[in-house]
Amino acid sequence: MTAELVEPVGVGYPVLEARGVTMIFGGLTALNDVSLTLHHGQIFGLIGPNGAGKTTFFNCLTGLYTPTRGEVVLHGVPLTGDPAAVTIAGIARTFQNIRLFPNMTVLENVLVGRHCRMRQGPIASLLHGPVFRRVEREARERSRELLAFVGLSKMEGEVARNLPYGDQRRLEIARALATDPKVLLLDEPTAGMNPQETDATRHLIFQIRDTGVAAVVIEHDTKFIFGLCDQVAVLVQGELLVEGTPETVRDDPRVIEAYLGKPREEVEAEVRAAAAEHGREDG
Ligand SMILES: Nc1ncnc2c1ncn2[C@@H]1O[C@H](COP(=O)(O)OP(=O)(O)OP(=O)(O)O)[C@@H](O)[C@H]1O
Ligand SMILES: [Mg+2]
């Protein structure tokens, strides 16, 4: 039997670093001095109340916004440039509100993602010569592999808008993976999903991690996040409130307070009261 080098989760080298990222819109500080490091092999969870700055953080990581202060570093290299350049550098994302090409087929949607890795020159494209045909064939093969990976092989000829909601989310993930990312950012991947779809998404994210792609996942469903991630950060009003393992974050009184807007003692008293009530009903 060959010994395999298995890297323990969470202790890989740094892949993506946000260093003091601050984003100010007019008078509103949406992010204030946020520093986070994503390591190879990690699934990193980002949680926080509505308007905390989670999506803005993704927009800063992907070049959609240029941070007012701070920088984003991928494999030691500061990222500059627009989203297309950031995609080429190795960061892919999905959006909080699904952004597919609704009238294109499932396969075509993935091919669009693949396009950024197709380097054939304009002459080859124009002439549709052998180089173009080979590159096209390879792109289709890779796209089909990815559709199989996310469980959508049978749907490849379907128009994207006809897909059930959960499948549209999976298609967006396939399209993001088609760019050959080192880092995948998922903005609320299970929003609006039923429990079965949510469970399937959890498995899919684990599988993606196992292929060597590190992931950052934004979700409101904290149960989902705590069961999925190696490391979790909590953003509140643009500030990084707490960062740690799911266990540490879950039990942190500041997190309970931020979520419920009440001091911990009050929350605990409510839990005790509910338990007592429940006990009476049971008995
Ligand atoms: N382009 C923009 N211009 C002005 N303000 C913005 C812009 N983008 C985001 N904001 C503001 O920044 C704050 C953070 O918004 P963001 O969308 O990042 O929150 P979020 O944590 O993703 O919330 P949700 O959980 O509701 O998706 C909000 O007050 C929002 O209105
Ligand atoms: Mg958001």
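Refer to the structure printed above.
Residues numbered from 1 in each chain as written. Chains lettered and ligands numbered in written order. Predicted model: local features only at pLDDT ≥ 70, side-chain atom pairs only at ≥ 80, totals over all residues. Heavy atoms only, no water.

**As for unusual backbone geometry**
Phi is positive for Glu 188, which is not a glycine, with a value near 55 degrees. Non-glycine residue Gln 237 carries a positive phi angle of around 45 degrees. Inspection of the secondary structure puts Gln 237 in the loop between β9 (231-236) and β10 (239-244). A relative accessible area of 69% places Gln 237 in the exposed class. (Helix = DSSP H or I, 4+ residues; strand = E, 2+ residues; numbered from the N terminus. Buried < 20%, exposed > 50% of the residue type's maximum accessible area, 1.4 Å probe, protein only.)

**Looking at the coordination of the magnesium ion (ligand 2)**
The protein atoms that coordinate the magnesium ion (ligand 2) are Thr 55 (OG1) and Gln 96 (OE1), at distances spanning 2.0 to 2.2 Å. In this pair, Thr 55 is assigned in helix α1 (residues 54-61) and Gln 96 in the loop between β6 (91-94) and α3 (106-114), connecting sequence segments 41 residues apart. A residue is classified by how much of its surface remains accessible, and Thr 55, at 25% relative accessible area, is partly exposed. Classification of Gln 96 by relative accessible area gives partly exposed; the value is 31%. (Donors = N, O, S within 2.8 Å, 3.2 Å for Na, K, Ca; no water.)

**Quick notes on the nonpolar core**
Grouped together as the largest cluster of nonpolar side chains are 40 residues, with contacts concentrated most on Leu 147, Leu 171, Leu 184 and Val 217. Going through the elements one at a time, β3 (43-47), α3, α5 (130-150), α6 (165-177), β7 (183-187), α7 (195-210), α8 (222-228) and β9 are the ones with two or more residues in this core. Both domains that furnish three or more residues to this core are identified here as domain 1 (12-90 + 181-249) and domain 2 (102-169). Not counting chain neighbours up to four residues away, the residues in contact with Leu 147 comprise Val 106, Leu 107, Val 110, Leu 152, Ser 153, Glu 156, Leu 171 and Ala 174. Residues Leu 16, Val 34, Cys 60 and Leu 235 belong to the second largest nonpolar core, which totals 27 residues. (Core = buried A, V, L, I, M, F, W, Y, C linked by side-chain atoms within 4.5 Å. Domains from an automatic or database assignment. Contact = heavy atoms within 4.5 Å.)

**Comments concerning the pairing of β6**
In the case of a regular strand, side chains alternate between the two sheet surfaces. Taking every second residue as pointing to the same face, both faces of β6 are buried, with Ile 91 and Arg 93 on one and Ala 92 and Thr 94 on the other. The pairing of β6 with β7 spans four bridges and is parallel. The residue bridging Ile 91 from the neighbouring strand is Val 183, located in β7. (Pairing = 2+ DSSP bridges.)

**Section: the site of ligand 1**
As a structural note, the neighbourhood of ligand 1 is formed by 15 residues, with Gly 51, Lys 54, Thr 56, Gln 96 and His 220 the closest of them. The contact in question runs from an oxygen atom of ligand 1 to an N or O atom on the side chain of Lys 54, over 2.7 Å. A distance of 2.8 Å is found between an oxygen atom of ligand 1 and a side-chain nitrogen or oxygen belonging to Gln 96. The protein chains hide 65% of the 640 Å² of surface that ligand 1 would expose on its own. Taken together, the elements giving at least two residues each to the shell around ligand 1 come down to β2 (28-39) and α1. Tallied by class, residues from the shell around ligand 1 come to six nonpolar, seven polar and two charged. (Near = heavy atom within 4 Å. Polar contact = N/O pair within 3.5 Å; in protein donor to acceptor, adjacent residues only side chain to side chain. Areas by Shrake-Rupley, 256 points an atom, 1.4 Å probe, with all protein chains shown as cover. Nonpolar A, V, L, I, M, F, W, Y, C, P; charged D, E, K, R; others polar.)

**Quick word on the sheet that holds strand β1 (residues 14-25)**
An order of β2-β1-β4-β5 is seen for the four strands of this open sheet, with the pairing classed as antiparallel. On the outer flanks of this sheet lie β2 and β5 (77-78), each paired with one strand and no other. Taken together, the eight bridges between β1 and β2 define a ladder with antiparallel strand orientation. Note on β2: the bridge partner recorded for Met 23 is Leu 31. Across the sheet, α1 lies against β1, β2 and β4 (69-74), angled at about 115 degrees from β1, the strand it touches most. (Axes fitted to C-alpha atoms, helices over the stretch in contact; angles between N-to-C directions.)

**Notes on α1**
Extensive coverage of α1 is indicated by the burial of seven of its eight residues. The complete set of buried residues in α1 reads Lys 54, Thr 56, Phe 57, Phe 58, Asn 59, Cys 60 and Leu 61. Two residues or fewer after α1 comes Gly 63, characterised by a positive phi angle close to 80 degrees.

**Looking at the sheet that holds β10**
As summarised here, the arrangement of the six strands in space is β6-β7-β8-β3-β9-β10, forming an open sheet in which the pairing is mixed. Looking at the sheet topology across the chains shown, the edges are occupied by β6 and β10. Going from strand to strand, the sheet's axes swing by 20 degrees on average, the running direction of each strand aside. Pairing of β3 with strand β8 (residues 214-218) involves four bridges; the strand directions are parallel. The partner of Gly 45 across the bridge, within β8, is Val 217. Set on the sheet, α7 makes contact with β3, β7 and β8; between it and β3 the angle comes to about 135 degrees.

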